[in-house]
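Chain by chain, the residues:
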Amino acid sequence: QASHSQAVDAPRIPLAYVRHRPSTLERRTRWRNALEYGTGMLALGLFAFGVWQELDTRPLMSAAMGWFAVWCLYYMFRWHRRAAVTAPPEDAGALDSLRYQRRQLERQRDVRLRSWRWWGPGVLPGFVLFFTSMIAEQDPVPWTEVAFATAWTAIGVGFSISFLEAEARRIQREIDALDSLASN
């Protein structure tokens, strides 16, 4: 009987609102993914230009730019596989819509949570080639530029990791809010 009274005491949520939430999530996810793909394509173009520009004078730098270009393709492919939105159920009731929304939120959280584990190892060889080129292909070695590039890389990678982890925590709060609806 306790479960029956919990169902009666649960907050009433209009079906229109429950169906609206997944469409908002879907729109937001599509927008975020489009931004990821657009940025990736821009970076891909810049790296391809870098390969062309450095090919004759600095082959290691050209190899680094080529590696980063390939990595961009890899990143976009993996991101698309992990973060793409699936179609919401057309005629689902409130519970099915909430389950769909929770699954989508879990996918978005999981793609961001500790994502450096799948994108970090792939980008590392590019950084090794880049810094090796800065040291080996220039005489004299521009130590100030090497130090600046090292700091910029560390800050950029650190910011990327912390941003994605913060996004994962924000999405987890949304999941927790959905779960609290189910437990009421």
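Keep in mind that this is a model prediction, so the values were computed, not measured. (Residues numbered from 1 in each chain as written. Predicted model: local features only at pLDDT ≥ 70, side-chain atom pairs only at ≥ 80, totals over all residues. Heavy atoms only, no water.)

## Regarding the layout of surface pockets
Note the threshold: In this analysis a 1.4 Å probe is tested at points of a 1 Å grid over the protein atoms alone, and where it fits but cannot get out there is a cavity; an open set with protein on both sides within 12 Å along at least five of seven lines is a pocket; lining residues have an atom within 4 Å of a point. Grid points are joined across faces, edges and corners, and a volume is the space filled by probe spheres set on the points. Starting at the N terminus, helices and strands are each numbered in turn, a helix being any DSSP run of H or I of at least four residues and a strand any DSSP run of E of at least two. Residue polarity follows a fixed list, in which Ala, Val, Leu, Ile, Met, Phe, Trp, Tyr, Cys and Pro are nonpolar, Asp, Glu, Lys and Arg are charged, and the others, Gly among them, are polar.
Taken as a whole, the largest pocket holds about 1100 Å³ of empty space. Looking at the largest pocket, it is lined by 31 residues, and the ones nearest its centre are Phe 47, Trp 71, Phe 127, Gly 156 and Ser 160. Listed by contribution, the elements that provide at least two residues to the lining of the largest pocket are α2 (15-54), α3 (59-83), α5 (116-136) and α6 (143-183). Tallying contributions element by element places α6 first for the lining of the largest pocket, with twelve residues. The residue inventory of the lining of the largest pocket, partitioned by class, reads 23 nonpolar, five polar and three charged.

## Digging into the nonpolar core
Applied cut-off: By nonpolar core we mean a set of buried residues, namely Ala, Val, Leu, Ile, Met, Phe, Trp, Tyr and Cys, connected to one another through side-chain atoms within 4.5 Å. Here the term buried applies to any residue with accessible area under 20% of the maximum for its type, exposed to any over 50%, and partly exposed to those in between, with areas from a 1.4 Å probe on protein chains only. Note on contacts: a residue pair qualifies if any of its non-hydrogen atoms lie within 4.5 Å across the two residues.
Within the largest apolar cluster, 22 residues are counted, with the highest numbers of intra-cluster contacts made by Trp 71, Tyr 75, Trp 79, Trp 118, Trp 119, Phe 130 and Met 134. Put simply, the parts of the chain that give this core at least two residues each are α2, α3, α5 and α6. Counting residues per element, this core draws most heavily on α3, at ten residues. Those residues in contact with Met 134 that lie beyond four places of it in its chain are Met 61, Val 141, Pro 142, Glu 145, Val 146 and Ala 149. If you look at the next biggest cluster of nonpolar residues, it comprises five residues, including Leu 25, Leu 105, Ile 175 and Leu 178.

## Observations regarding unusual backbone geometry
Looking along the chain, the bond that leaves Asp 139 and enters Pro 140 is cis, with omega of 0°. Here Pro 140 is to be found in the loop between α5 and α6. Its identity is not glycine, yet Arg 114 carries a phi of approximately 50°, on the positive side. The residue Arg 114 is located in the loop between α4 (94-112) and α5 in this model. We classify Arg 114 as partly exposed; its relative accessible area is 41%.

## Some thoughts on the confidence of the model for the protein chain
As a reminder of what qualifies: Here pLDDT means the predictor's own confidence in every residue, given as a number from 0 to 100.
Within the protein chain, residue pLDDT values average 85, and 85% of them lie at 70 or more. Confidence scores differ between elements of the protein chain, with helix α1 (residues 2-9) showing the lowest mean pLDDT of 46 and α5 the highest of 95. This model gives residues 1-10 a pLDDT under 50, and the stretch forms three contacts once residues within four places in sequence are excluded.

## Digging into the pattern of salt bridges
Cut-off, in case you're wondering: We count a salt bridge whenever a side-chain nitrogen from Lys or Arg sits within 4 Å of a carboxyl oxygen from Asp or Glu.
Going through the model one piece at a time under the given rule, you end up with ten salt bridges. Linking Glu 167 and Arg 170 is a salt bridge whose minimum nitrogen-to-oxygen distance equals 3.3 Å. Placement of the pair is Glu 167 and Arg 170 together in helix α6, with a separation of three residues, close to one helical turn. Residue classification places Glu 167 among the buried residues on the basis of a relative accessible area of 16%. Exposure remark for Arg 170: the relative accessible area of 25% places this residue in the partly exposed category. Three or more residues are tied together by salt bridges with common partners; here these are Arg 28, Arg 112, Glu 167, Arg 170 and Glu 174.

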